[in-house]
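# Notes for the structure review
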Amino acid sequence: MTNMVVMEARVPQPQLPQPPPSPPSPPPRPATIILGKYRLIRYLGQGSFAKVIEAKPLSNNDSPNVAIKIFKRKNLDPEMEPRIIDEVEAMRRLHHHPNIIKIHEVMATKTYIYLVMELAENGELFNKICGGRKLKVTKVWHYFQQLVSALRFCHQNGVAHRDVKPQNLFLDKAGNLKVSDFGLSALPDRIRDGLLHTACGTPAYTAPEILTRRGYDGARADAWSCGIILYHLLTGKLPFDDLNIAANLLKIKKRDYQFPASITGNTQKVIYRLLDPNPKTRLTLDELVQLSWFKKLIPTPSQEPSLFQSTPRFCKTETENSSATNAFDIIASLSSGLNLSGLFESSREEVINKKEKRFTAMGEAESMVEKVKEIGDGLGFRSERGKGGWSLGFGKGRVVLVIEIMKLTPTLLMGEVKVVKGGFELEELQWQEFKSGLDNVGLSWLNNNV
């Protein structure tokens, strides 16, 4: 059989004109996420319980960006509840010091809690010393002086930080230090027998009396942490760095650390006194600022913080994009799970004894102060205006009370009435008359025992 190959002739096909190439499509625009009155910009970091996002206020392009600390409510265990309450309350008390991160407002939905805070653009101080790096002496003095100023302000306002470390110290755009992260801070109501008892903090920076679970003074414990940080900034390493806490405590007890030749004798003496394992003989921060050594540090611009300026806002949002309402709605919004009512309500004993009462009102703070003054004067109290703010002191016989007006929003005010001396006479003879006068100016009381 003969093999045959069949060949098929191919007829050339006509070339059709090709359409012009289409221009490249633009890259997709990133999604814009709006949270209340803020536009979220970028992720900054995450801790054990919260993540932090940088955001831009929508109302004013000239307003500085903020940092929003976001807690997911279902991830919060019962131990976190008092920590968040303490963090917000501590930052509210310390709102006006230039070297403490400011809290602007608190928002909440059914799913999340948001703490809106000042943004420190230059990040953690730790980033400048990690890997064994050390700072120039002039920089060390600059940061150390600001740290001491901030912590003394904390202590004067009843707050012990208890977790002072470079990871919780931030730098703003101008290079000034900002103390942050008050999640482990202690307020006066945590004190028993004049001492604190909770073991907390980061072991490398924590005072030995905390590590050994003894009662301790929070201010003296913070002073120890300042000594560790000063040594760390000057040398690039820690004086006590054994991972075994028992071994580390032994080194602390023996003061087993070395000073490099670059640290002068006077600075060595200050660090030695700050790192005294005996808290009773340890150099306190109040004593530190009186030393000629401290007064010779590079001066930094200081602002005298006022205790009676505008206060941060506390509010909730029903959805991520809705507008905020008044501060006290946050209690209802968090009714299942976290309870922040401690920020706004007196303790049970105070309510029972009627030593403190709170109210809200609409209007201007200055006008409210004048109305409250008129009521007190009409009842025969001697009134005295607080310096630089909306606070009034009233005295009559053995009774002394203070009324402070705080602005929560441009139109919503909160007032606190505190009996600081006496109280029986006010409760039995004059309180109802005083209350009636306040009722006449349109107040809403925040507890029933008034």
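The rules behind each value
Residues numbered from 1 in each chain as written. Predicted model: local features only at pLDDT ≥ 70, side-chain atom pairs only at ≥ 80, totals over all residues. Heavy atoms only, no water. Phe/Tyr/Trp six-rings, centres within 6.5 Å; stacked < 30°, edge-to-face > 60°. Helix = DSSP H or I, 4+ residues; strand = E, 2+ residues; numbered from the N terminus. Buried < 20%, exposed > 50% of the residue type's maximum accessible area, 1.4 Å probe, protein only. Pairing = 2+ DSSP bridges. Polar contact = N/O pair within 3.5 Å; in protein donor to acceptor, adjacent residues only side chain to side chain. Contact = heavy atoms within 4.5 Å. Core = buried A, V, L, I, M, F, W, Y, C linked by side-chain atoms within 4.5 Å. Domains from an automatic or database assignment.

On to the packing of aromatic side chains, then. Enumeration over the complete set of coordinates arrives at eight aromatic pairs. With 5.4 Å between their ring centres and 85 degrees between their planes, Trp141 and Trp293 make a pair best called edge-to-face. Here Trp293 lies in helix α8 (residues 292-295) and Trp141 lies in helix α2 (residues 137-156), a separation of 152 residues in the sequence. In this structure, Trp141 and Trp293 share a single accessibility class: buried. Summarising the aromatic geometry, the rings of Phe240 and Tyr257 are spaced 5.3 Å apart at their centres and angled 80 degrees between planes, so their arrangement reads as edge-to-face. Here Phe240 is found in the loop between α4 (218-235) and α5 (245-254), whereas its partner Tyr257 is found in the loop between α5 and α6 (265-274), with 17 residues between them in sequence.

Of all seven residues that make up strand β6 (residues 112-118), six are buried, and the element is covered over most of its length. Relative to β6, strand β4 (residues 66-72) is paired through seven bridges, and the arrangement is antiparallel. Bridge assignment links Phe71 to a residue of β6, and that residue is Ile113. In this sheet, β6 lies alongside strand β5 (residues 103-108) in antiparallel orientation, the contact comprising five bridges. From the neighbouring strand, Glu105 faces β6, where its bridge partner is Val116. In this antiparallel pair of consecutive strands, β5 and β6, the connection spans three residues.

Turning next to the side chain of Asn168. Mapping Asn168 onto the fold places it in the loop between α2 and β7 (169-171). At 2.9 Å, the side chain of Asn168 and the backbone oxygen of Asp163 are in polar contact. Excluding residues within four positions of it along the chain, Asn168 makes contact with His161, Asp163, Lys178, Val179, Ser180 and Asp181.

By size, the foremost hydrophobic cluster in this structure holds 72 residues, and its most contacted members are Phe144, Leu147, Phe182 and Leu288. A domain-level breakdown of this core finds at least three residues from each of domain 1 (31-119) and domain 2 (121-185 + 203-299). Setting aside residues up to four positions removed in sequence, Leu288 forms contacts with Phe144, Val148, Val270, Leu283, Trp293 and Phe294. Core analysis: the second largest hydrophobic core is formed by 14 residues, Ala365, Met368, Val372 and Leu379 among them.

This next bit is on the environment of Thr212. By the secondary structure assignment, Thr212 is in the loop between α3 (208-211) and α4. Remark: the alpha-carbon pair of Thr212 and Leu249, spanning 37 residues in sequence, is separated by 8.6 Å. Only 3.0 Å separates the side chain of Thr212 from the side chain of Arg214, close enough to count as a polar contact.

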